[in-house]
Amino acid sequence: MAIDLPESISRYFATDRERDAEAVVQCFAPHATVRDEGRTHVGRDAIRTWKQDTASAFSYTVEPFSMTREGDRIVVTSHLAGNFPGSPVDLRYLFAISGEQIIALEITP
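This write-up is about the structure you can find in this document. (Residues numbered from 1 in each chain as written. Predicted model: local features only at pLDDT ≥ 70, side-chain atom pairs only at ≥ 80, totals over all residues. Heavy atoms only, no water.)

A few words on the side chain of D36. By the element assignment, D36 lies in strand β1 (residues 28-36). Here D36 is in contact with H41, W50 and I107, once residues within four sequence places are set aside. (Helix = DSSP H or I, 4+ residues; strand = E, 2+ residues; numbered from the N terminus. Contact = heavy atoms within 4.5 Å.)

Structure follows, in C-alpha cells:
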C-alpha cells in the first residue's frame, strides 16, 4: 500500500532502498541523531558509518505501510525483510523533522 510520506522521509526510504549511504546522510541535519538497536549515532559522519555498516552486513528491503503522528514525531511503520536474524519484522521509524531535514530518527520494534 502506498502512503503519502513527507518529502524528507520519502527521500530517506528511497535512498536507503538504493543503498546510497551518502544520499541517506543528506536527508539528515548536520547534528541529527539516529537510535537503532540500542545504539545512538550523532552527526552525519556517525550516521554514514551506521548506514554503511548496516548495508554491508545485510541485504534487506523496507516497505513503509502506515504513518501516524505521536506528538512532534512522525511514526512510519515498515515491513523489514532480509538476511538478518528475526526476519521479517515490522519496525516503527520515529522521525523528527525540521524544515526539509530529519533531525532525529529512532527505530523500534
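Having seen the structure, we can now continue with the description.
Looking now at the packing of aromatic side chains. Evaluated as defined, the whole model comprises 7 aromatic pairs. An angle of 65° between the planes, with centres 5.2 Å apart, marks the rings of F13 and Y93 as edge-to-face. Pair noted here: F13 is in helix α1 (residues 7-17) and Y93 is in strand β5 (residues 89-98), with a separation of 80 residues, a long-range link. Here the two residues F13 and Y93 agree in accessibility, since each one is buried. Between the aromatic rings of Y93 and F95, the centroid separation amounts to 6.4 Å while the plane-to-plane angle is 15°, which identifies the pairing as stacked. For the pair Y93 and F95, one class covers both residues: buried. (Phe/Tyr/Trp six-rings, centres within 6.5 Å; stacked < 30°, edge-to-face > 60°. Buried < 20%, exposed > 50% of the residue type's maximum accessible area, 1.4 Å probe, protein only.)

On to the pattern of salt bridges. Counted under the stated rule, the structure contains 6 salt bridges. E7 is the partner of R11 in a salt bridge, and the nearest nitrogen-oxygen pair spans 3.7 Å. Here E7 and R11 lie together in helix α1, a separation of 4 residues that amounts to about one turn. Its relative accessible area of 27% is what places R11 among the partly exposed residues. E7 sits in the partly exposed class, given a relative accessible area of 47%. When the shortest N-O distance is used, the salt bridge between R73 and E106 registers 3.2 Å. Linking R73 in strand β4 (residues 73-82) with E106 in strand β6 (residues 101-108), this pair joins segments that are 33 residues apart in sequence. (Salt bridge = Lys/Arg side-chain N within 4 Å of Asp/Glu carboxyl O.)

Just distances and angles here, no functional claims.
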